[in-house]
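The primary structure of each chain is shown beneath.
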Amino acid sequence: MTDEIATAATTAAKRPLWRKVWEFPLTAMVVATVLLLGVLALCGVSLSLLPETLDPNIDVTIRTVVTVAAAIAIYKLVIRRLGRRKQDDLPVAGSLTDTALGFGVGAAIFTTVVGIAAVAGAYRVTGQGGFSDFVQIVMLTGVSAGLIEELLLRGIIFRWLEEFAGSWVALAISSLLFGFGHAANDNATLFSSIAIAIEAGILLGGAYMLTRSLWLAVGIHAGWNVTQGFIWGVPVSGYSFQGLVDARLSGPDWLSGGAFGLEASVIALVVATTAGVWMVWQARKEGKWITPMWSKQAQA
């Protein structure tokens, strides 16, 4: 046993019980989740006072900016300070470059999915679209979903589950929660939830593990959603928007994803999961894999 481990073990043993409970990973996870959801609920109540006569694009922009700003504020001021091991998963350094890189990766992955679907006859452009839903797509599926869902699923749930039970458990549980969190979406099916859990859960969890920051995952999430909805005119997790083109999905649901969209297709499942597995493998190769806390205690 090294002097550092011995000192840490002695210090931990001297901490009072209430502090051990308060700093326990699962306690921190629950408190952080309640804080984030509470702030989001408060924003929802406050924003309900906006006049109904507002232009829809202005309305969704205000709602998104206020909600995202509040989520970042509660994270920076409180959530990142919870638990025994403090860390900031939304660092200023590298935020723009990692988010931009992630956006490009997400766009490239979904463009690959669309390309394969087109070759397979499951996707085809039927006409010209427009810009009427551009702000809705960017604000709702890009900025809001990209940041808030990543903050909750990777920045809180994955982060503290991993500290408690290790990377495998965190990846599995956060992926399942993410996938079945879309089960109430329009046109959702059991397969669409499973597909999102596997393809997106592993991909986004891998991005977080690889960088130990949320920005790459936020960028991938936003790039994936905006590209499929605005560039290719494909439903975003079951919700239809007007994109630059009018497009039609056809063929068996396992190939086209049906009314839910290409996210529920075998094509997306293979392409995105492959990219996600590579990220997880790379994170493990670089020594960013975390073992359960009880195995660390046993080693100490």
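As shown above, the structure is provided for reference.
Anyway, here's the lowdown on the structure attached to this text.

Thresholds applied
- Residues numbered from 1 in each chain as written.
- Predicted model: local features only at pLDDT ≥ 70, side-chain atom pairs only at ≥ 80, totals over all residues.
- Heavy atoms only, no water.
- Patch = residues over 30% accessible without salt bridge, like charges linked within 9 Å, V, L, I, M, F, W, Y side chains within 5 Å.
- Areas by Shrake-Rupley, 256 points an atom, 1.4 Å probe, with all protein chains shown as cover.
- Salt bridge = Lys/Arg side-chain N within 4 Å of Asp/Glu carboxyl O.
- Helix = DSSP H or I, 4+ residues; strand = E, 2+ residues; numbered from the N terminus.
- Contact = heavy atoms within 4.5 Å.
- Buried < 20%, exposed > 50% of the residue type's maximum accessible area, 1.4 Å probe, protein only.
- Phe/Tyr/Trp six-rings, centres within 6.5 Å; stacked < 30°, edge-to-face > 60°.
- Lys NZ or Arg CZ within 6 Å of the ring centre and 35° of its normal.
- Expected span 1.5 Å × (residues − 1).
- Arc of directions from axis to C-beta.
- Polar contact = N/O pair within 3.5 Å; in protein donor to acceptor, adjacent residues only side chain to side chain.

1. Observations concerning a nonpolar patch on the surface
- Judged by side-chain polarity, Leu176, Phe180, Leu190, Ile194 and Ile198 come together as a nonpolar surface patch covering roughly 440 Å² of accessible area.
- Only helix H7 (167-180) and helix H8 (190-211) provide two or more residues apiece to the nonpolar patch.
- By residue number, the principal contributor to the nonpolar patch is H8, which donates 3 residues.

2. A short note on the side chain of glutamate 263
- Examined against the element boundaries, glutamate 263 turns out to sit in the loop between helix H10 (253-256) and helix H11 (266-285).
- Among residues more than four places away in sequence, those in contact with glutamate 263 are Phe110, Ala195, Ile196, Glu199, Trp224, Asn225, Gln228, Val236, Ser237 and Ala268.

3. Quick look at the environment of tryptophan 22
- Within the secondary structure, tryptophan 22 sits in helix H2 (residues 17-23).
- Tryptophan 22 gets classed as partly exposed once you look at its relative accessible area, which sits at 44%.
- Residues tryptophan 22 and threonine 53, 31 residues apart in the sequence, show an inter-C-alpha distance of 46 Å.

4. Considerations on the pattern of salt bridges
- Inspection of the entire model under this criterion finds 7 salt bridges.
- Between aspartate 88 and lysine 76 there is a salt bridge; the shortest N-O distance is 2.6 Å. Of this pair, aspartate 88 sits in the loop between helix H4 (56-77) and helix H5 (95-119) while lysine 76 is found in helix H4, placing the two residues 12 residues apart along the sequence.
- A relative accessible area of 25% means that aspartate 88 is categorised as partly exposed.
- With a closest N to O distance of 2.6 Å, arginine 212 and glutamate 162 form a salt bridge.

5. Some remarks on the packing of aromatic side chains
- Tallying each qualifying case throughout the model produces 8 aromatic pairs.
- Grouped by ring-pair contacts, the aromatic residues Phe24, Phe164 and Trp294 constitute a single cluster.
- One Lys or Arg, arginine 154, reaches over the ring of phenylalanine 178 and ends 4.7 Å from the middle of that ring.

6. Here we look at H4
- Counted at 1.5 Å a residue, the expected span for H4 with its 22 residues is 32 Å, and the 31 Å between its end C-alpha atoms agrees.
- Buried within H4 are the following residues: Asp59, Val60, Thr64, Thr67, Val68, Ala70, Ala71, Ile74 and Tyr75. Seen end-on, H4 carries its buried residues on one side only, within an arc spanning 160°.
- Check the buried side of H4 and you find it contacts helix H3 (25-47) and helix H6 (134-165).
- Where H4 starts, the residue carrying a side-chain oxygen 2.9 Å from the main-chain nitrogen of asparagine 57 turns out to be aspartate 55.

Interpretation in functional terms is not warranted from these geometric data alone.
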